[in-house]
Amino acid sequence: MASARTPVLLDCDPGHDDAVAILLALAAPSIDLLGITTTFGNCSVEDATRNALRVLALAGRGDIQVAVGAAAPLAGEAALGNYVHGVSGLDGPELPEPLSTPVDQSALQFQVDLLESAHSPVTIVATGPMTNIGLLLTQRPDLISKVDEVIFMGGSTSRGNHTPTAEFNTHSDPEALDVVLTSGVPVRMVGLNLTHQALATPEVVQRMSAMEHRVGQVCAEWMGFFGDSYQRLWEFDAPPVHDPCTVAALIEPALIEWREAFVAVELEGRWTRGTTVVDLYQRYPEMDPNAFVAMTLDATAYWDLVLQSLDTLGGAA
Ligand code: RIB
Ligand code: CA
């Protein structure tokens, strides 16, 4: 008997790496993508929503419902990531026009309806600022029992990127991450310490380019734009493709080694707001571990999975 598929709600801010995460989720037989909610982050939520719809159109999946989420963080102003992802938030190749429009309800109501009607607990994959998830857990803590886990791309056990210590997603809405970390919902954190092992090297990009369909070629062009940003901003020779690491962990659990740890997010620091503080060695005796933190990636197997998935998806689109 086929094993049960994992029901997934994907909350994202596409964004080049979010776009690959969407395609990976669509391609995986083991994932039942129940819907997508969008958030500000790499670009405005309007642009992120348009981008999500166009990525779905690229895959021929106008059936996947998209709900528009937060335009700003729970506290403070939105600091957008167009400096990395371009004016549109997904600069580079031309994409098809959307096949559908967003659902006529807020991301919060969409998530509530989805969780209330789910037959089994839902995995929430978050690859942008955590605002939508923070709102959900604040407004409807009773629905925590319908959430199997939150696996999010964000934070770091080491340095940041948006600031020297804070990663972009957690810096964008630290209050929302604090809600998630203190809610009691099971949490897995996929931080920069992990995703910087997921580099789209020239060999990876060449394998995308060699695919005989638009999905592969578009991904190669995305890596070109994303790679130029990473070279210009952080002197990377190849771009770290962060967001698909969350989805890949659901498809092939053995890809990543995890460590249980206490994780907090700094809300006050003048220079450190949005920084994730990860206690890998139980240095805070009074603080019990509250998350699993991704530590090591099998990068070869990761890229084999991503590339095989994109090729399958592209061939069928
Ligand atoms: O810091 C990287 C993260 O911020 C990724 O999710 C990227 O898409 C941006 O949202
Ligand atoms: Ca993202």
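Rules of the game
- Residues numbered from 1 in each chain as written.
- Chains lettered and ligands numbered in written order.
- Predicted model: local features only at pLDDT ≥ 70, side-chain atom pairs only at ≥ 80, totals over all residues.
- Heavy atoms only, no water.
- Donors = N, O, S within 2.8 Å, 3.2 Å for Na, K, Ca; no water.
- Buried < 20%, exposed > 50% of the residue type's maximum accessible area, 1.4 Å probe, protein only.
- Near = heavy atom within 4 Å.
- Polar contact = N/O pair within 3.5 Å; in protein donor to acceptor, adjacent residues only side chain to side chain.
- Helix = DSSP H or I, 4+ residues; strand = E, 2+ residues; numbered from the N terminus.
- Nonpolar A, V, L, I, M, F, W, Y, C, P; charged D, E, K, R; others polar.
- Pairing = 2+ DSSP bridges.

Draft legend 1. The arrangement of the coordination of the calcium ion (ligand 2) in detail. Distances from the calcium ion (ligand 2) to its protein donors, D13 (OD), D18 (OD), D18 (OD), T127 (O) and D243 (OD), fall within 2.1 to 2.6 Å. Classification of D18 as buried rests on a relative accessible area of 0%. T127 sits in the buried class, given a relative accessible area of 1%.

Draft legend 2. Region of the structure containing the site of ligand 1. By nearness alone, every residue bordering ligand 1 is listed as D13, D17, D18, N42, T127, M153, N161, E167, F168, N169, H242 and D243. At 2.9 Å, a side-chain N or O of D13 approaches an oxygen atom of ligand 1. Broken down by secondary-structure element, the contributors of at least two residues to the shell around ligand 1 are helix 1 (16-27) and helix 6 (168-172). Across the shell around ligand 1, the residue classes break down as two nonpolar, five polar and five charged.

Draft legend 3. Structural context of unusual backbone geometry. In this structure, G15 follows P14 across a cis peptide bond, with omega equal to -20°. Residue position: G15 is located in the loop between strand 1 (6-12) and helix 1. For E235, which is not a glycine, the phi torsion comes out positive at approximately 60°. For E235, the position within the fold is in the loop between helix 10 (214-234) and helix 11 (244-251). Among the residues examined, E235 registers a relative accessible area of 67% and is labelled exposed. Of note, the phi angle at Q282 is positive, near 55°, even though the residue is not glycine.

Draft legend 4. Looking closely at the pairing of strand 7 (residues 256-265). Sheet topology note: the strand 7/strand 9 (residues 291-297) ladder contains six bridges and is antiparallel. When the sheet's bridge partners are listed, W258 is paired in strand 9 with A294. The sheet contact formed by strand 7 and strand 8 (residues 276-279) spans four bridges and is antiparallel. Bridge pairing in strand 8 links F262 to D279.

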